[in-house]
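# Coordinate analysis (summary)
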Amino acid sequence: RGGGGEASGDKIVMAISTLNNPFFVELRDGAQAAAKDAGVQLNIVDAQNDSATQANQLATAASGSTKAVIVNPVDSDAAASSVNALLKAGIPVIGVDRTVNGADLDSLVASDNVAGGRQAADELAKAMGEKGSVIQLQGVSGTSASRDRGAGFEEGMKAYPGITVVAKQTANFDRAAALDVTTNLMQSNPGVTGLFAENDEMALGAIQALGAKAGTEVSVVGFDGTSDGLAAIKAGTLVATIAQQPAELGKLAVELAVKAIKGEKIEKNVPVEVVSVTKTNVGDFAK
Amino acid sequence: MSTTILPAKRRSFNYKKFLANNGALVGLVVLCIALFIATPDFLTAQNLLNIGIQVSTVAVLAFGMTFVIVAGGIDLSVGAVAALSAMSSGWLFASGGLPGWLALLGGLAVGLLAGTINGLANAYGKLPSFIATLAMLSVARGLTLVISDGRPIKTAAEVSFLGGNIGPVPMPIVILVLAALVASFLLNRTVIGRSMYAVGGNAEAARLSGLPVKRILVTVFALAGLFAALAGLLLAGRLDSAQPQAAAGYELDAIAAVVIGGASLSGGLGKISGTFVGALVLVVIRNGLNLLNVTSFWQQVVIGLVIALAVGVDVLRRKTRNS
Amino acid sequence: MSTTILPAKRRSFNYKKFLANNGALVGLVVLCIALFIATPDFLTAQNLLNIGIQVSTVAVLAFGMTFVIVAGGIDLSVGAVAALSAMSSGWLFASGGLPGWLALLGGLAVGLLAGTINGLANAYGKLPSFIATLAMLSVARGLTLVISDGRPIKTAAEVSFLGGNIGPVPMPIVILVLAALVASFLLNRTVIGRSMYAVGGNAEAARLSGLPVKRILVTVFALAGLFAALAGLLLAGRLDSAQPQAAAGYELDAIAAVVIGGASLSGGLGKISGTFVGALVLVVIRNGLNLLNVTSFWQQVVIGLVIALAVGVDVLRRKTRNS
Amino acid sequence: MSQEPLVTLQNVGKSFGPVTVIKDVTVSVYAGQVQVLLGENGAGKSTLIKMMAGVYQPDAGHIVVDGKTVVLPTTRAAEELGIATIHQELNLVSTMSIAENVMLGRTPTKHGMVDRSALRNRARAALALIGLDVDVDTLVGELGIAQQQLVEIAKALSINARILILDEPTAALTRHETESLFAVMADLRRRGVGMLFISHHLDEIAEVGDTVTVLRDGEFIAEVPASTPEADLVKLMVGRSIEDQFPRVAGHSGEAAEILRVEKLTSAGKFDDISFTVKAGEVLSIAGLVGAGRTELIRAIAGVDNYSSGSVAVRGQVLPHGSIPAAIAAGIGHVPEDRKGEGLVLDASVNDNLGYATLASTARMGLVDFTGQRRRASEVAKKLRIRMHTIDQPIRALSGGNQQKAVFGRWIIAASTVLLLDEPTRGVDVGAKVEIYELMNAITAAGGAILMVSSELPEILGMSDRILVMRDGRIAGELTAAEATQDAVMTLAARDVDEQND
Ligand SMILES: Nc1ncnc2c1ncn2[C@@H]1O[C@H](COP(=O)(O)OP(=O)(O)OP(=O)(O)O)[C@@H](O)[C@H]1O
Ligand SMILES: Nc1ncnc2c1ncn2[C@@H]1O[C@H](COP(=O)(O)OP(=O)(O)OP(=O)(O)O)[C@@H](O)[C@H]1O
Ligand SMILES: O[C@@H]1[C@H](O)[C@H](O)CO[C@H]1O
Ligand SMILES: [Mg+2]
Ligand SMILES: [Mg+2]
C-alpha cells in the first residue's frame, strides 16, 4: 500500500465531528496547510456532531481509494467499530483531538480535556482569591468534551474548599444559549463571583450577559483559545482560557498520516500542550 | 389582536371572549403562579425584563411563522434564514465595507429574498411547503457557513444597537412590541392578512372567490423570511456578532409557539396574541428551570411535560366549555 | 406495495403503474446516474452495500413515520425515542443485569410504550400530534441523558449483532428489508392499515363508518414508537454503544423521506415503497457528496437543492402526465 | 328569441384525461331569463357551468360574452364580466365569519385597511335578500348545512352580477327557504339578470325557468320550454319514462315487530324529550324547518354524538351512549347530511369508500378481503347505477349525486336493517331517486326499518308511512301517511315561527 517513495496525490480522508465551531475550523485549516505542503489530497467530511453520520462517512471512506484516515470522533466509544473496519482493511487511522476507545489507532494527536478542566479550576480559583461561588456552563449534554472538562473542573475545584459551585446548567456550547442561561442564573444567584464555561463561545455569551460585571465583579474562564476568546482576554472581560492549539493538532495529524502512508513508523501518542492563557501571556497567542 | 371581529360597541373590552380565544394563556398563568410560589427570583422586575428580552427572538420568528401556518403551510427554514440574514449583514459590513445601516437593510433583504424563494417554490413550483423550506433550511445554513467559514463575524454598531437599550428600555423588547403590532395589523386589518385565513381554511373556496392564492402564498413566506431576518439581526445584536450556528433548531420552537397559541397545522386558525403567549410559555419554562437550577438532564424532561400540560389545560378548558 | 388495490391478474408486474406511483424514484434514478458519471467510486459493490447500511436507520424510522403521516399526524419524537430505547436497552443489560436478548426486547418495549403514550395523548388527550410528540421529544431525550448520565453505554452482544453481518450480508440490510415487508404488509393488507388511510383522509367520515378512530391513532403512534426503537437498537448495534445524543434531529429526515416518497402531511396518502425511495434519496445524496469531496459547507447547500429537485421532478412529471 | 344572448357556450367540449365529459354542447343565457340545465347525475351539468365560471377551460368550442369570444382563465375574469356562480359544493371557509365569507374576494377597504363596518353591513344586506337572520360574526363552521348553503347564495347575490349561475342551490334547502330564493330570482329577472339554474327538483323548473336544456352523458339532447310536463322532461333526461316518482310499497301489515325505540331522548340545547318507535317494514320520516334539531337527533341515535338522557334501543336492546360501532353492530346504518365532510374520504377510491363499514366485519384474521370487497362494491355500484370511470377512481371525481349514492351503498353492503337517512336524496337525480326509494322499499320489505329526515316535503309525503314533525328541538306532532299534506306538515313545523313573529 503506497509503500515508500512518492506520497504525492495520495488521498487522505479527515472525518471531523463538526465544522460549526471555530475550534474545528482552525484544526481543519492547520490540516489543510500541512496537506498542501506534503502534496497530498485531503478530503474533509463533517459529521455535524452525529456519531451515525460519522460511521457512514468512515464506511464511505473505506470504499474509495483512500490511503489514510484522520478521525476526530464525535464520540470516542461510538467510532470504534468503524475505525476497526478501516484498520482491518489495512488503512492507517490517526485520531485527532479525541481518542477512539477500543481501537488500536496508529497514532493519537490530542490535548487533554480532563487536565484542561483542572487548569481551568486553578485559573478561576486564582482570580477569585480562592473563595466565593461559581456558575458552570456545560456543553452539549453527552459529548465527551463536556464530560471530560466537567470532570477535570470538578476534580480541580476539590482543592479549593472556599469555593462552591452553586449552579450547573447546559448552554449547548452555544453563545446565544449561554447569554440567556447566564442571565437567568445571575437572577437566582446574584452573589456569584466566578463562572466557568466549557468553551469560549459560551464564555463570550456569558460575558455579554454579565455586561459590566464581566472581569470586574465576576471572573470568567473559558476553554479553547479561539480568536474571539483571546480578544476578550485582552479586553479584560475574560480572565483566562484554556487554549488548545487546534491548528497544530491538525497539522501534526496530517504529517503523521503522510508518514504512515509511506510506511514509516510513527509514535502512538503525540500530546499537544494545553496552555492556560491569561492577560500575561496572551500576546504569545494572538493571531 | 383577536381574529374574530369585535361587535360595534368596542369600548368595553370583552374579557370572556379574550380568555376563550387565548387558551394557552391559562396554561401560562398557571405556570407563572407555580414559579412565583417556587422561587422569589421569578417575579422581580429584572427577571420580567429578562424574560421579555429572551422571548424576543423566538416570538419574532414565530410571528412570521404565524402567517405561514394560518395560510396552511409550514416553514422549517426560519432559524437558518435568521442566521443567514445576520451573517450576510455582518459580511456586508465587515468584508463588503457597507455602512452599518445599509448592512442592516441588506440583512433584512436577504431574509425577504429567501422567504420569497420559499413562497415561489411552494406556490408556483408546487413543492409541499415542508419540502421547499426543508431544502431552504439546508441551503441557508450551508451558505451561512460558506460566508463565515464557520467563524462568528462582528456586527455593525447599528445591528448591535438592536440588542442594546434605549434609555432604560431594552431594544429587543421595543422591537418585539413593534413586530407584534405590525404582524397583528397585517393579519387582522389588511385584505391580504384576512385572505391568509381563507387560503389556509379552504384554498379551493379562496380560489373560486377570485383571491390570488399564489400571490398570497408568496407573501406569506416572504413575510416569514423578513421576520426571520429581523429575529436573526436581533440575536446578532444581542451577541454583538453573527454566529454560524445561530438559531439552529429554533424552527421547532417557533412552530410550537404558534401551535401552543391555538393555531392548527391544517391552516385557517391562529393569532399573533396567541403566538406571543405560546412563545412566552416556552421561554418562561426555561427561565424558571434555570432559576430553580434544575439539572440540565431533568430540564428537558420537565420542559416536555410542561408543554404538554400547557396545551392540555387549554384542550380541557375548551371541552368543558363545549359540553 | 401500492396503495391501490391490485386487479385480480396479479402475476404480471405493472411497471407503468409502479413508476406512476413512485414519483421520487425518477429523481433517485437521475441522481444515481449523475453520480455514476461523476465518480467511479459510486457504483461499486462495496459502496452499494454501504448505502444499504447507511439508509437502514433513517428508513426504519421513516417506515414508522409513514403510519403516522398516512393517518394524518406527525411524530417529532422518533429520534429521541430511538435514543431512549437503545439507552434503556443498554442500561437494562449493563446495570440491570438482564440477559442480552431480554435487554433487546426491553428496548423495543420502551419504544412501544413511548409511542403508545404519544397516541393516547393525541387520541384521548386531544393534544395536536405536533405538540404531543414535541413534548415526548423533550422528555425522551431528557430521560436518555438521565439514564446514561450523559455517557454512552456499551450494548449487549445481541444488540451489537444487529449492526454486524450474517455471512457476507450486513444485518442492518436484513433488518431493513424485514421492516419494509412488515410495514408494507401492515399498511396494505390489514384492516388496521387500510383504516389508517381512511382516518388520515377524513377522520369524521371514518368515525361515522364505524372505524375505531381513536384506537387506530393509538396503534399508529405505537407502531412509530416500535419502529423507532428498532432503528435506535440498529444504530446502537452499528456503533457498539448507545449514545445519549443518538439520532438527534433524525425526525426531520424521517418526515422528509415520507414526504419525498409521495405522502402528504395532510394525511390519507403514502406508501412504504415511496418512503424507502425517499430515504434513499437523502442517503445517496450524502454518500455521493462525500465521494465527490464536496466541502461540508457546500454540501448542505447542495443537499438542499437536490431535495428540492428530487421532489420537483416528481411534481413536474405528474403535471405533464395530467395535462 | 330575438334578443342577443348575454353569454353562450358555443359547441364546447371537455375531457378529464381519457374521460370525455362534455361533447359539443351549446347553451345560452339571455337577459331576464332563467335557462335551466337538466340531466342525470354525472350528465355534465356542473362541468358545463364551470367553464362559464372560469373554473375549467373548454377543450373544444369557445365562450361568447356580449357577442365577443372570450377566454376565462380564472373565476375573477368571469366575475369581471359579470358572471357570478353558486357552486354545487359548498365553498366556504369554516374558520371565518359569515361576513367575511360573503365578501370573500371583495373585502371592502378604507385607507388600505379592512373596513369592518362596511363588511358587516354589506354582508347583512346580502343575507337580508334571502331572509337569513343570523349574526354575521358567527363562524361559518358553526352553521348547519342549510344555513351554509344560504350563506353561499347570499355571497353570489351580493356580487350584483348580470349573469348568475345556480348549481343546485335548493338541494339543501327546505321549501320555505327555496321560496325566498325564488322570490329573489324573480326580482333579479325583472332587473334583467340572466340566470342558469340547475336542480333535480322537477317541480321547480316550471316555477322559475324559461327554457330547459337537457343533457345526457355529456351530450346535448334537447331544448324545450320550461312548461314541458315533468313526465316528458324525465323521459328526455333518462331516456325512458318513470311511472311512479314515489313508489312506496308499505312493508308491514298489522302487528309488526318494533325495531327501533327512542325514549325520552334529550340533549341539552339540541333536542328535548323525544320518544317514538319504528316498526319492521316501516318508514318513519321527520319533517321540520332548518335548525329544528333533526340532524342532531339522528346523530345521537346513530351514536355519533352523546346525549344527556333517554335511551335508544334496537330490537329491544338498549344501545350504549355515543358508540357508533355498537349502533352498526345492532344493524344501524347512517347516511349523514354532509356527504363531503362526514360521508366520504374524498381522495380514496369509490371501492374503498363503499367498503369502510364492512372493512373489519369481512376481514379474516385481520386481513382485508380485497377480492370480496371489490365484488361487493362493484355489485352495489351497478345496482345503484353509480356513474364512474372505474371503481378505483378517487370518489372526489364523481358527480355530487353519484357521491351521495356511494354513501348509501356503503350501508347496503353492510346489510343494515335500521337505516337513518339524513336528506338521503339531496342532489340525486329523478331516476336515481326512484332507485333509492326502491332500495328503501326492499329494506322495509325484508323487515327493516327506516328513519328518514328530509327537507323535501314531496319525498316525505310520498315515501313515509308515518311522519313526525319537529319544531325547536321537540316533537310538534305526528301524522299518518293518509292525513299528511304539505299544509298540515308546514303548520306543525312553523307554528313556532309565527308565534315568534307576533
Ligand atoms: N375533475 C374530474 N376528473 C375526472 N372526472 C370528472 C371530474 N369532474 C367531473 N368528472 C366526471 O364528469 C362527469 C360529469 O360530472 P358533473 O359534476 O358535471 O355532473 P353533474 O351533471 O353536475 O351531476 P350531478 O347532478 O350529480 O351534480 C361525471 O361522470 C364525473 O365523474
Ligand atoms: N356545529 C354546530 N355548532 C353550533 N350549532 C350548530 C351546529 N350544528 C348545528 N347547529 C345548530 O343546532 C340547531 C339544530 O341543527 P340541526 O342541523 O340539527 O337542524 P336540522 O333540523 O337538521 O336542520 P338542517 O336542515 O339544517 O339539518 C340549529 O340551530 C343549528 O344552527
Ligand atoms: O475541543 C472542542 C472544542 O472545545 C469545542 O468547543 C467543542 O468540542 C470540543 O471537542
Ligand atoms: Mg353537479
Ligand atoms: Mg339536518
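For the structure given in this document, a descriptive report is provided here. Computed from a predicted structure; not experimentally measured. (Residues numbered from 1 in each chain as written. Chains lettered and ligands numbered in written order. Predicted model: local features only at pLDDT ≥ 70, side-chain atom pairs only at ≥ 80, totals over all residues. Heavy atoms only, no water.)

## Digging into the interface of chain B and chain D
Put simply, the rule reads: Any two residues having at least one pair of non-hydrogen atoms within 4.5 Å are treated as being in contact. Salt bridges are identified by distance alone: a Lys or Arg side-chain nitrogen within 4 Å of an Asp or Glu carboxyl oxygen. In protein, a polar contact requires one atom able to donate a hydrogen and another able to accept it; more generally it is a pair of N or O atoms within 3.5 Å, and residues adjacent in sequence count only if both atoms are side-chain atoms. Counting from the N terminus, the helices are the DSSP runs of H or I reaching at least four residues and the strands are the DSSP runs of E reaching at least two. Residue classes follow a fixed rule: Ala, Val, Leu, Ile, Met, Phe, Trp, Tyr, Cys and Pro count as nonpolar, while Asp, Glu, Lys and Arg count as charged, and any other residue, Gly among them, counts as polar.
Each partner contributes to the interface: chain B provides 22 residues, whereas chain D provides 24 residues. Between the two partners, chain B and chain D, sit one salt bridge. The residue Glu100(D) makes a salt bridge to Arg194(B) at a minimum N-O spacing of 2.6 Å. Summed over the shared surface of chain B and chain D, the result is nine residue pairs in polar contact (both at pLDDT 80 or more). Secondary structure elements with two or more residues in the side of chain B that touches chain D: α8 (171–189), α9 (191–201) and α10 (203–208) of chain B. Class assignment of the residues belonging to the side of chain B that touches chain D gives a composition of eleven nonpolar, seven polar and four charged.

## Side note on the pattern of salt bridges
The condition that has to hold: We call a residue buried when its accessible area falls under 20% of the maximum for its residue type, exposed when it is over 50%, and partly exposed in between, using a 1.4 Å probe and counting protein chains only.
Scanning all chains against the criterion turns up 47 salt bridges over all chains. For Arg207(C), the salt bridge goes to Glu204(C), with nearest N and O atoms at 3.3 Å. One end of the pair is Arg207(C) and the other is Glu204(C), both in helix α10 (residues 203–208) and three residues apart, which spans about a single turn. Judged by relative accessible area, which is 27%, Arg207(C) ranks as partly exposed. Using a relative accessible area of 25% as the deciding quantity, one classes Glu204(C) as partly exposed. For the salt bridge of Asp465(D) with Arg248(D), the shortest nitrogen-to-oxygen distance reads 2.7 Å. With Asp465(D) in the loop between α16 (457–463) and β21 (466–471) and Arg248(D) in the loop between α8 (230–238) and β13 (258–267), the pair connects residues that are 217 residues apart, well separated along the chain. Here Asp465(D) falls in the buried class, since its relative accessible area comes to 15%. The network of salt bridges with shared partners includes Glu204(C), Arg207(C), Arg299(D), Asp305(D) and Glu342(D).

## Concerning the coordination of the magnesium ion (ligand 4)
All names here are of chain D. The condition that has to hold: Metal donors were taken as nitrogen, oxygen and sulfur atoms no farther than 2.8 Å from the ion, or 3.2 Å where the ion is Na, K or Ca. Water is excluded, so coordination may look unfinished.
Bound to the magnesium ion (ligand 4) are the protein donor atoms Ser46 (OG) and Gln88 (OE1), situated 1.9 to 2.0 Å from the metal. Linking Ser46 in helix α1 (residues 45–52) with Gln88 in the loop between β6 (83–86) and α3 (98–102), this pair joins segments that are 42 residues apart in sequence. Relative accessible area serves as the criterion here: at 16%, Gln88 is assigned to the buried category.

## Focus: the sheet that holds strand β15 (residues 283–288) of chain D
Residues and elements named next belong to chain D. We count it as follows: Pairing between strands requires that DSSP locate at least two bridges from one strand to the other. Between N-to-C directions, angles cover 0 to 180 degrees, with each direction set by a line fitted to C-alpha atoms, over the stretch in contact for helices.
Reading across the sheet, the six strands line up as β18-β19-β20-β15-β21-β22 and stay open at both edges, with mixed pairing between neighbours. Every interior strand has two partners, whereas the edge strands, β18 (332–335) and β22 (474–480), have only one. Across this sheet, the average inter-strand angle for adjacent strands is 15 degrees, counted without regard to direction. Of the pairings in the sheet, the one linking β15 to β21 comprises five bridges and is parallel in character. Looking at β21, one finds that Ile286 is bridged to Leu468. Along the sheet, helix α14 (residues 400–413) makes contact with β18 and β19 (418–422), crossing β18 at roughly 175 degrees. Contacts between helix α15 (residues 430–445) and the sheet are confined to β15, β19 and β20 (449–453), with β20 contributing the most and set at about 145 degrees to the helix.

## Describing the site of ligand 3
All names here are of chain A. What counts is decided by this rule: Near is defined per residue: the residue qualifies when any heavy atom it owns lies within 4 Å of the molecule or strand. Exposure was quantified through the Shrake-Rupley algorithm and a 1.4 Å probe, taking into account, for residues, occlusion by the shown protein chains and nothing else.
Around ligand 3, the surrounding shell consists of Asn21, Phe23, Phe24, Asp97, Arg98, Ala145, Arg149, Phe173, Asn199, Asp224 and Gln244. Between ligand 3 and Asn199 there is a distance of 3.2 Å, counted from an oxygen atom to a side-chain nitrogen or oxygen. A distance of 2.9 Å is found between an oxygen atom of ligand 3 and a side-chain nitrogen or oxygen belonging to Gln244. Starting from 270 Å² of accessible surface for ligand 3 in isolation, the protein chains cover 98%. When residues of the shell around ligand 3 are traced back to their parent elements, those giving at least two are α1 (22–38) and α5 (144–157). When grouped by side-chain class, the residues that make up the shell around ligand 3 number four nonpolar, three polar and four charged.

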